[in-house]
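# Summary of structural features
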Amino acid sequence: MVLIDISIELLLIIIFVFSIILVSLYAYLSCKHIKYTSQQNKKKKYIEKKQHEWYQYLKNETDFPITLIPKKDFEIQGIEEIFLTYVRNFTDSTVQNKIKQFSNEYLTNYYTKLLKSRSWSHRMIALYRIADFHMDHLIEECYKLEKRKLSKEERFQLLKIYALFAPKIFLKKLAEVDNLSDYELKKLLLNNDDWIMQKLIEQQNILDLDKQYSLIDSIGLKRNLDFLPFLESLLEHENLEIRIRSLKAIYEIGIITDPHKYLRFVKSPNWEERLMAGKLFEHFPLKQARPYLEEMVHDQSWWVRYQAANTIMNNKGGKEILQNIIITSTDQYAIDIAKEVLNR
C-alpha cells in the first residue's frame, strides 16, 4: 500500500513538472509570436508610409532624404522588401546603383551581424541580400565566413558573390569545387559577365568534364557570337558528348559561318550528331541543304528522319519537296515520315 502511495506521489510530481514545462513553452512561443506579429505590423506600416518617398528617390532625380536612414530592425526589413521589388522588376542602372550605395552605407552593420550569427537562416538571408543589393563592401566578411563550417547552400551563395565582386577568386574556387549540380553551374555562369566565360574558356582543360559540359551549354544559352569560334573548334574534339553539346550550342546561337564544317556530321555513326546536323540545316539556305536533308529523311533513326523532314517543311517550298519524296521514294520509312510531317 505504501508503495502505491509513493508511486502516485511520484506520478503527481512528474505531471506537475511536465505541466510547468508545457506552460513555459506555451508562454515562450506566445511571446515569440506576439513579437513577430508586432514586428511584421511595424514593417508593413513602414512600407505603406515610406514607399512613395523611396520611389521618389530611386526613380526620380531627387536628393537622398535623411528620413530614410533606418534606425530600427523593422525599418531595415521594410527597406529590404522595397529594394527587392525594385531589384526584381527594374533593370535601370541608376536605380540599381542607388540601392547598392545605400546598402553599402547603411545596411552593412546589419548584415555583418547576420553573417556572424549562429543561425543558418540568418546567414543565408545576409548572403542573399549581399548579392541582391551588390554590397561589395562586405566581401571581406564573406572571406571570413569561409573559416566556419558551412552548408552546401552557403558555399554556393558565396560563389555567386565572388562571381560578382571577386571574379579571380571565383574562377579559382570553381575549378576546385566538385559538388555542384549542372543546374547550379549554369546558374553561376549565366548570371555573370562574359569576361568570366572567356576566362573559363581559356582554362577549359583544367575543368572536369561536367564543368566543361555546363560551360558549353551556357555559351549556347547566352547566344554570344564572340564564342562561336571556340564552339567550332570543339567540333574536332575526341569526346562525343562535347561535340554534341557544341553542335547544340551553335544551333542556339543561330549563326553558321562555314557550312562545310557541318557536312561531315550528316554521315556520323552517332545518330545524335546526325540529328543536330538536321537541326543546324535550319540556318542554311534550303537550296544548299536540300540534298543532305533528303538523304537524312532516309536515315535509319526515326528522330533523324523526323528532324530532316521538319527542317524541310519549315522552309519555303518544303511542302513540295516532301510530296515529291512520297511519290518517288522506295523507302517506306521515308514516305511515312514525310506524310507524318505533312499531316501535322
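One can find the structure itself at the top, above this paragraph.
Here the residue index of a chain counts from 1 through its sequence in written order. Two thresholds apply to this predicted model, a pLDDT of at least 70 for residue-level local features and 80 or more for giving and counting side-chain atom pairs, whereas whole-chain, interface and lining totals are computed over all residues. As a rule here, side-chain values come from all non-hydrogen atoms in the structure, and water together with hydrogens is ignored.

### Side note on the nonpolar core
Residues enter a nonpolar core if they are buried and are Ala, Val, Leu, Ile, Met, Phe, Trp, Tyr or Cys, with the set joined through side-chain atoms within 4.5 Å. The buried label applies to any residue whose accessible area, calculated with a 1.4 Å probe on protein chains only, is under 20% of its type's maximum; exposed applies above 50%, and partly exposed to all values in between. Core analysis: the largest hydrophobic core is formed by 96 residues, its most contacted members being Trp54, Phe83, Tyr111 and Phe170. The criterion used for residue contact is that any of the two residues' heavy atoms lie within 4.5 Å. Each residue touching Phe83, except ones within four places of it in the same chain, is listed here: Trp54, Leu58, Ile99, Phe102, Ser103, Leu107 and Phe133.

### Some points on the pattern of salt bridges
The salt bridge criterion pairs a side-chain nitrogen of Lys or Arg with a carboxyl oxygen of Asp or Glu, the two atoms within 4 Å. As enumerated under the stated definition, the model contains 25 salt bridges in all. Among the ionic pairs, Glu184 bridges to Lys152, the shortest N-O distance being 3.9 Å. Remark: Lys152 occurs in helix α6 (residues 152-165) and Glu184 occurs in helix α8 (residues 182-190); sequence separation between them is 32 residues. A salt bridge links Asp182 to Lys186; the shortest N-O distance between them is 3.0 Å. With Asp182 and Lys186 both in helix α8, this residue pair falls four residues apart, about one helical turn. With relative accessibility at 36%, the residue Asp182 sits in the partly exposed group. Salt bridges linked by common partners bring Asp182, Lys186, Asp217, Glu241 and Arg245 together as one network. In this description a helix means any DSSP run of H or I spanning at least four residues, a strand means any run of E spanning at least two, and both kinds are numbered starting from the N terminus.

### A closer look at a nonpolar patch on the surface
Every patch collects residues that have over 30% relative accessible area and no salt bridge, joining them within 9 Å if they carry like charges and within 5 Å if they are nonpolar side chains (Val, Leu, Ile, Met, Phe, Trp, Tyr). Note on areas: Shrake-Rupley, 1.4 Å probe, and residue coverage restricted to the protein chains presented here. On the surface, Leu10, Ile13, Ile14, Phe16, Val17, Phe18, Ile20 and Ile21 cluster together into a nonpolar patch covering about 770 Å² of accessible area. Following the sequence through the fold, Leu10 ends up in helix α1 (residues 2-59).

### Brief notes about the packing of helix α3 (residues 93-115) against helix α4 (residues 120-132)
For every element, the axis is a line fit to its C-alpha atoms; helices are fit only across the contacting stretch, and the angle between N-to-C directions ranges from 0 to 180 degrees. Between α3 and α4, the least distance of the axes is 7 Å, while the angle of their chain directions is 140°. With respect to each other, α3 and α4 are oriented oblique. Handedness of the α3/α4 crossing: left-handed. Every residue of α4 that contacts α3 at Tyr111, Leu114 and Leu115 is listed here: His122, Arg123, Ile125, Ala126, Leu127, Arg129 and Ile130. In this classification, the charged set is Asp, Glu, Lys and Arg, the nonpolar set is Ala, Val, Leu, Ile, Met, Phe, Trp, Tyr, Cys and Pro, and all remaining amino acids, among them Gly, are polar. Each residue belonging to the contact of α3 with α4 can be placed in one class, and the counts come to seven nonpolar, one polar and two charged. If an angle is under 35 degrees, it is roughly parallel; if it is over 145, roughly antiparallel; if it lies from 65 to 115, roughly perpendicular; otherwise it is oblique. Crossings are sorted by hand: turned counterclockwise from the far helix by less than a right angle, the near helix makes the crossing left-handed, and turned clockwise it makes it right-handed.

Geometric values such as these leave the question of function open.
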